Amino acid sequence: MGLLAGEDSHGYDLKQQHDLTFAGAKPLAFGQVYATLERLAKKEFVAPVEVEQVDGPERTIYGLTAAGRAELERWLGDIQPPAPPVANPFAVKATIAMLVGDVADARRYLSAQRSAHLDRMRFFTRRKTDPAVTLADALAADYAIFHLDADLAWLDAALERVDALIPASQQADELDPTSTTRPSTTRTPT
Amino acid sequence: MSKPLQVHPAASPERAVNTHDSIVVSGRYLSYSYGRQPALRSASLDVRRNEIVAVTGPSGAVKSTLMLCLAGVLVPDSGEVRHDGQVISAASEAERSRLRRSTVGVLFQFGQLVPELTAGENVALPLLLAGARRPAALRAAADWLDRFDVRGLSDSRPNEMSGGQAQRVAAARAMVTAPSVLFADEPTGALDGLAGERMMTQIVRVAREAGTAVLLITHDAKVAAYADREVRMYDGAVEQGDLA
């Protein structure tokens, strides 16, 4: 109905318009478009306004009715309930890694998962900063980036929790086998 | 059928990237202590020409200390820093200052513009300090302000600009000498929402066009995602990353 809000259109053009506007989404099947139009017509949200025939079969052009426009506005104002807590496959894997291996195994898994997430975030960042990006693609990329960012924040926190299980002396040995220090009295950390 | 909505309708295609593979900044086994407290622990990192590298890690990972050593602001207790193959960690303060003005650009979280100067004068400052004549320096400044889309602010003082505008002026000042490498410490840390995205998009575009490598210090994965690769730090050591 959103695609019909601007101008009347027929099923073929609606399918093309959908696939162009939501390029990241699965393309619509023609059957799905016509079935939806029939369902919306039955509810009197859309109505046939004209039948045209140009070099091929007849095409019924549909328009949005006043009831359809009201329904569209109601749908746009409808707030989605925030997602309920979901299963976290990363936490399960990190825990199993510690059960079958040790802290280092869990750490390796979490670090590798973190790199994979950041790679994916790079992909969506390149997509949304492409000079030719469409609004629909930029919004889809933002959505993916913010979800990946939430996972990354969790992965960083999980790494900190796992690190806390390693004795401090062992951490220094693992990360810094050749460190040297020199006394000084006037510096402040940055 | 109507055209899909564009986000950057006036944007022009990016210039082709020169993928020269030489190293512009190299740090080897860098250590640095604050008093008796060891901070940087034998950290090594290379940045290649045209490359954008993000240094990430939790607070206290000493990311900024690594950056300041690589930029020649701090002298490491041990280890070696090279710019374009030249050892700078052993150079005198005067020589390091000269290098910082000519081959290195530095951008901080809060632009740190000189409040008494206009945007044009702020951007021209590194050139004037290097001995350029004022009209030529101001002309160059106008060009770099243009690249960051803030040419219209040339005669404005920092207190007349928004945070995002001031940061773009600061970025123009960091780039005005066309440095080999730009060090950017949390460049979007003080910016909200899309202002941060706009800042990062411009830094990446301008640096790619100028052939300047960028070393980004950030705790924000969304900013790190603008880089070609990530170097992860933990407790003063480079934990994940690679040498060129």
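Above this note sits the structure.
Described below are features of the structure shown in this document. Since the model is a prediction, treat every value here as computed from it, not as a measurement. (Residues numbered from 1 in each chain as written. Chains lettered and ligands numbered in written order. Predicted model: local features only at pLDDT ≥ 70, side-chain atom pairs only at ≥ 80, totals over all residues. Heavy atoms only, no water.)

**Remarks on the overall build of chain A**
Inclusion rule: Each helix corresponds to a stretch of at least 4 residues labelled H or I by DSSP, and each strand to a stretch of at least 2 residues labelled E; elements are numbered beginning at the N terminus. To sort residues, take the accessible area from a 1.4 Å probe on protein chains only and compare it with the maximum for the residue type: under 20% means buried, over 50% means exposed, and anything in between is partly exposed. In this analysis, two residues are considered to be in contact whenever any of their non-hydrogen atoms come within 4.5 Å of each other. Calculation of accessible area relied on Shrake-Rupley with a 1.4 Å probe; when residues are assessed, cover is drawn exclusively from the protein chains displayed.
Within chain A, the regular secondary structure consists of seven helices and three strands. Start at the N end of chain A and walk to the C end: the helices and strands fall as β-α-α-β-β-α-α-α-α-α. Counting every position in chain A, which comprises 190 residues, the buried fraction comes to 32%. A separation of at least 24 residues holds for 50% of the contacts in chain A among residues at least 6 apart in sequence. Summed over its atoms, the accessible surface of chain A is roughly 12200 Å², and 59% of this surface lies on carbon and sulfur atoms.

**A few points about the overall build of chain B**
Looking only at helices and strands, chain B has seven helices and 10 strands in total. Look at the contacts in chain B between residues 6 or more apart in sequence, and 71% of them connect residues 24 or more apart. Surface exposure of chain B reaches about 10300 Å², of which carbon and sulfur atoms provide 50%.

**Overview of a nonpolar patch on the surface**
Here is the rule: Residues forming no salt bridge and having over 30% relative accessible area are the ones grouped into patches, like charges within 9 Å of each other and nonpolar side chains (Val, Leu, Ile, Met, Phe, Trp, Tyr) within 5 Å. By salt bridge we mean one thing: a side-chain nitrogen of Lys or Arg within 4 Å of a carboxyl oxygen of Asp or Glu.
A surface patch of nonpolar side chains, amounting to about 430 Å² of accessible area, comprises Val92, Ile96, Leu99 and Val100 of chain A. By the secondary structure assignment, Val92 of chain A is in helix H4 (residues 89-100).

**Observations regarding the sheet that holds strand E2 (residues 37-48) of chain B**
Residues and elements named next belong to chain B. We apply this condition: In this analysis, strands are considered paired if DSSP registers two or more bridges between them. What counts as an axis is a line fitted to C-alpha atoms, over the stretch in contact for a helix, and the angles between N-to-C directions run from 0 to 180 degrees.
In space, the four strands of this open sheet follow the order E2-E1-E4-E5, with antiparallel pairing throughout. Looking at the sheet topology across the chains shown, the edges are occupied by E2 and strand E5 (86-87). Of the strands in this sheet, strand E1 (23-34), E2 and strand E4 (78-83) are in contact with helix H1 (residues 63-70), which crosses E1 at around 125 degrees.

**Here's the deal with the environment of Ser154 of chain B**
Residues and elements named next belong to chain B. Tracing the backbone shows Ser154 in the loop between helix H4 (134-147) and helix H5 (163-175). By relative accessible area, which is 21% here, Ser154 ends up partly exposed. The sequence separation of Ser154 and Ala142 amounts to 12 residues, and the corresponding C-alpha distance is 6.9 Å. Look past the residues within four positions of Ser154 in its chain and what remains in contact with it is Thr118, Ala119, Gly120 and Leu145.

**Some thoughts on the pattern of salt bridges**
If charged atoms from side chains of opposite charge come close, those side chains can pair. Tallied over the entire structure, the rule returns 24 salt bridges over all chains. For the salt bridge of Glu95 of chain B with Arg98 of chain B, the shortest nitrogen-to-oxygen distance reads 2.9 Å. With Glu95 of chain B and Arg98 of chain B both in helix H2 (residues 93-102), this residue pair falls three residues apart, about one helical turn. The partly exposed category is assigned to Glu95 of chain B, whose relative accessible area is 26%. For the salt bridge of Asp220 of chain B with Lys222 of chain B, the shortest nitrogen-to-oxygen distance reads 3.4 Å. A relative accessible area of 23% places Lys222 of chain B in the partly exposed class. The network of salt bridges with common partners includes Arg114 and Asp156 of chain A together with Glu230 and Arg232 of chain B.

**Some remarks on the sheet that holds strand E2 (residues 46-52) of chain A**
Residue and element names in this part refer to chain A. Taken in spatial order, the three strands of this open sheet run E1-E3-E2, and their pairing is antiparallel. Each edge of the open sheet carries a strand with a single partner, namely strand E1 (9-10) and E2. Bridging between E1 and strand E3 (residues 59-64) involves two bridges; their strand directions are antiparallel. The residue of E3 that forms the bridge with Ser9 is Tyr62.

**A closer look at the side chain of Arg107 of chain A**
Applied cut-off: The term polar contact refers here to a pair of N or O atoms within 3.5 Å; inside protein, the definition further demands a hydrogen-donor-capable atom paired with an acceptor-capable atom, and it admits residues adjacent in sequence only when both atoms are side-chain atoms.
For Arg107 of chain A, the location among the structural elements is in helix H5 (residues 103-129). A distance of 2.3 Å separates the side chain of Arg107 of chain A from the side chain of Asp163 of chain A, its partner in a polar contact. Other than its neighbours up to four places away in sequence, Arg107 of chain A contacts Leu159, Val162, Asp163 and Ile166 of chain A together with Glu239 of chain B.

**Topic: the environment of Val133 of chain A**
Residues and elements named next belong to chain A. Considering the arrangement of structural elements, one finds Val133 in the loop between H5 and helix H6 (135-163). By relative accessible area, Val133 is classed as buried at 4%. For the pair Val133 and Ala91, spaced 42 residues apart in sequence, the C-alpha separation works out to 35 Å.

**A few points about the packing of aromatic side chains**
Residue and element names in this part refer to chain A. Formally: Note on aromatic pairs: the rings of Phe, Tyr and Trp (six-membered ring only in Trp) are paired at centre separations within 6.5 Å, and the planes decide the class, stacked below 30 degrees, edge-to-face beyond 60, tilted for the rest.
If you walk through the whole model with that rule in mind, you get three aromatic pairs over all chains. Look at Tyr12 and Phe30: their rings are 5.6 Å apart centre to centre, the planes differ by 5 degrees, and that puts the pair in the stacked class. Of this pair, Tyr12 sits in helix H1 (residues 11-21) while Phe30 sits in helix H2 (residues 30-42); the two residues are 18 residues apart in sequence, bridging distant segments of the chain. Since its relative accessible area comes to 33%, Tyr12 is described here as partly exposed. Here Phe123 and Phe124 contribute two aromatic rings whose centre-to-centre distance is 5.1 Å and whose plane-to-plane angle is 75 degrees, an arrangement assigned as edge-to-face.

**Here's the deal with the packing of H4 of chain A against H6 of chain A**
All names here are of chain A. Applicable threshold: Note on angle classes: values under 35 degrees are labelled roughly parallel, values over 145 roughly antiparallel, values of 65 to 115 roughly perpendicular, and the remainder oblique. The handedness criterion is simple: a crossing whose near helix is rotated anticlockwise from the far helix by less than a right angle is left-handed, and one whose near helix is rotated clockwise is right-handed. All residues other than Ala, Val, Leu, Ile, Met, Phe, Trp, Tyr, Cys, Pro, Asp, Glu, Lys and Arg, Gly among them, are scored as polar; the first ten of these are nonpolar and the last four charged.
Where H4 contacts H6, the axes come no closer than 11 Å and their chain directions differ by 20 degrees. Comparing the axis directions of H4 and H6 gives the class roughly parallel. The hand of the H4/H6 crossing is right-handed. In this structure, H4 uses Phe90, Ala91 and Met98 to contact H6, whose residues at the interface are Asp151, Trp154, Leu155 and Val162. A per-class count over the contact of H4 with H6 returns six nonpolar, no polar and one charged.

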